[in-house]
Amino acid sequence: IDELDELLETGFSGREIETVEKLVTGLDVLENKSDELEIKIRRDLRQLEAELPPVDVMFLYNVIGLIGNLADSAQKVGDHLHIIIAR
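Definitions and limits used
- Residues numbered from 1 in each chain as written.
- Predicted model: local features only at pLDDT ≥ 70, side-chain atom pairs only at ≥ 80, totals over all residues.
- Heavy atoms only, no water.
- Helix = DSSP H or I, 4+ residues; strand = E, 2+ residues; numbered from the N terminus.
- Buried < 20%, exposed > 50% of the residue type's maximum accessible area, 1.4 Å probe, protein only.
- Contact = heavy atoms within 4.5 Å.
- Salt bridge = Lys/Arg side-chain N within 4 Å of Asp/Glu carboxyl O.
- Patch = residues over 30% accessible without salt bridge, like charges linked within 9 Å, V, L, I, M, F, W, Y side chains within 5 Å.
- Areas by Shrake-Rupley, 256 points an atom, 1.4 Å probe, with all protein chains shown as cover.
- pLDDT = per-residue confidence, 0-100.
- Axes fitted to C-alpha atoms, helices over the stretch in contact; angles between N-to-C directions.
- Parallel < 35°, antiparallel > 145°, perpendicular 65-115°, else oblique.
- Left-handed = near helix turned anticlockwise from the far one by under 90°.
- Nonpolar A, V, L, I, M, F, W, Y, C, P; charged D, E, K, R; others polar.

*Asks:* When you look at the overall build of the protein chain in this model, what are you seeing that I'm missing?
*Replies:* The secondary structure content of the protein chain amounts to 3 helices and 0 strands. The linear arrangement of helices and strands in the protein chain, starting from the amino end, is α-α-α. A burial count over the protein chain gives 21% of its 87 residues as buried. Looking at the protein chain alone, contacts between residues at least 24 apart form 50% of all its contacts between residues at least 6 apart.

*Asks:* What is the right way to look at the pattern of salt bridges in this model?
*Replies:* Any two side chains of opposite charge can pair if their charged atoms end up close together. The full count for this structure, using the stated rule, is 3 salt bridges. Of the charged contacts, one joins Lys40 and Asp44 as a salt bridge, the two residues approaching to 2.8 Å between their closest N and O atoms. Placement of both Lys40 and Asp44 in helix H2 (residues 15-48) is noted, with a separation of 4 residues, approximately one turn of the helix. Relative accessible area serves as the criterion here: at 44%, Lys40 is assigned to the partly exposed category. By relative accessible area, which is 32% here, Asp44 ends up partly exposed. Glu49 is paired through a salt bridge with Arg46; the nearest N and O atoms lie 3.0 Å apart.

*Asks:* I keep staring at a nonpolar patch on the surface and nothing clicks. Help me out?
*Replies:* Taken together, the side chains of Leu48, Leu52, Phe59 and Leu60 define a hydrophobic patch exposed on the protein surface, amounting to about 340 Å² of accessible area. Within the secondary structure, Leu60 is located in helix H3 (residues 54-86). For Leu60, a relative accessible area of 34% translates into the label partly exposed.

*Asks:* What is the right way to read the confidence of the model for the protein chain from this model?
*Replies:* Confidence along the protein chain averages 87 in pLDDT terms, with 84% of residues attaining 70 or more. Confidence, expressed as mean pLDDT per element, reaches its minimum in the protein chain at helix H1 (residues 2-9) with 67 and its maximum at H3 with 92.

*Asks:* Would you mind showing me how to read the side chain of Glu31 here?
*Replies:* Positionally, Glu31 belongs in helix H2. Each residue touching Glu31, except ones within four places of it in the same chain, is listed here: Ala71, Asp72 and Gln75.

*Asks:* Just checking my understanding: could you explain the packing of H2 against H3 for this structure?
*Replies:* If you want to describe how two helices pack, look at the angle between their axes and the distance between the axes. Remark: H2 packs on H3, axes separated minimally by 9 Å, with the N-to-C direction vectors making an angle of 160°. By the angle between their axes, H2 is roughly antiparallel relative to H3. Two packed elements cross with a definite hand, and for H2 against H3 that hand is left-handed. Split into classes, the residues belonging to the contact of H2 with H3 amount to 14 nonpolar, 6 polar and 9 charged.

Pasting the structure below:
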């Protein structure tokens, strides 16, 4: 947020653009890592399903999905920010 404030103050120019672009690139990397971890966690949970109550399993799959959606939304915000900076 601080970097965005500085970006606005400088009129979308200079060093702040480079910093925000690095942050957006880092966000993409983290979202991809999140996708990989989601797949692994779902695979691990699948192996444990028989040992857990069905409601707990459904809840855990829902939580995993919500976290994945949050990561996807963060990536979309980063993409939109990248477009705004490019203008």
